[in-house]
Amino acid sequence: MRARRTLSTQRLSGIVEWRPDDLVVTVRAGTPLAELQAALAERGQCLPLPPWQDALEFLAAGAPGTIGGLVAARLPTRWDARTRGARYWVLGLRVLLANGEVIRCGSSAVKNVAGYDIQKLFTGSWGALGIICEATLRVFPKAMFEEQPSAVPPASFEGRFAIARTVRTEVRPYVEAIEPVESVVDEETGTAWMRLDSPTPPVPPRNGWLLCGGFGERNFPTLDGNFDIMQRIKARLDPSGVLNPGVFGAL
């Protein structure tokens, strides 16, 4: 389904609150990653995203552009085994729901055990459940990482790509069977990022999921497992289908 109207959060930018001593920052969704990283670096802090030299490495770093996109897509990175990924960094969110209501979920405390962390529901929902307006994130000391996170996206990000996750022992045989043009494989998490030249998407791994780019409507294969549950959540929060249909449940 093509979007009937595109909503941009570009003007929702800037840091709202930063507590360096607590390693917590609240930032608006349209803030470019480069802008936030530059500010955090002044106090020796960062979001722990892997560096990149080309488009495939950029994809393996979570393909970050803005903070809202980073949270909404929650693409895996090749540092997930070390940093636990964006879902772990998100402490709280401010979200615009389909009915126009603005809610806050989570908190600004790193340790919070009160109730269900509903912000995790929106993290990785691809805009299907609500529009992320603001995110409160835990940040990390740069000294923890020998390789410093990059900031500027590659000049070109075109072609056909795929991200797959499966059982750790099966990820490399799966990639070898596909024969991609090039690949980055993380055996610790069972994740592979691949650049492809095939006109059709590869078959998803037997024990995992596949997410593609450059194949149009075939980018998101049919989902199983908990997909029915995810669809019911979508129907509850967006009964009129106002928001992006998304690929909720793919990741």
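So, here's what we can say about the structure.

So, how was this worked out
Residues numbered from 1 in each chain as written. Predicted model: local features only at pLDDT ≥ 70, side-chain atom pairs only at ≥ 80, totals over all residues. Heavy atoms only, no water. Helix = DSSP H or I, 4+ residues; strand = E, 2+ residues; numbered from the N terminus. Contact = heavy atoms within 4.5 Å. Pairing = 2+ DSSP bridges. Axes fitted to C-alpha atoms, helices over the stretch in contact; angles between N-to-C directions. Polar contact = N/O pair within 3.5 Å; in protein donor to acceptor, adjacent residues only side chain to side chain.

**Some words on the overall build of the protein**
A count of helices and strands for the protein gives 8 helices and 11 strands. Across the protein, contacts joining residues at least 24 apart in sequence account for 65% of those joining residues at least 6 apart.

**Some thoughts on the sheet that holds strand E6 (residues 131-138)**
Read across the sheet, 5 strands follow the order E1-E2-E6-E4-E5 without closing on themselves; strand pairing throughout is antiparallel. Each edge of the open sheet carries a strand with a single partner, namely strand E1 (15-19) and strand E5 (102-106). Between one strand axis and the next, the sheet turns by 10° as a mean value, whatever way the strands run. When E1 meets strand E2 (residues 24-28), the two strands line up antiparallel, connected through 4 bridges. Paired with Arg19 across the bridge in E2 is Val24. In this fold helix H1 (residues 33-41) packs onto E1 and E2, with an angle of close to 30° to the strand it touches most, E1.

**Considering the environment of Glu187**
Relative to the assigned elements, Glu187 resides in the loop between strand E9 (182-186) and strand E10 (191-196). On a C-alpha basis, the gap between Glu187 and Val171 in space is 6.8 Å, while along the polypeptide they are 16 residues apart. With residues up to four places along the chain from it excluded, the contact list for Glu187 reads Arg168, Val171 and Arg172. Within the structure, the side chain of Glu187 is placed 3.2 Å from the side chain of Arg172, a separation counted as a polar contact.

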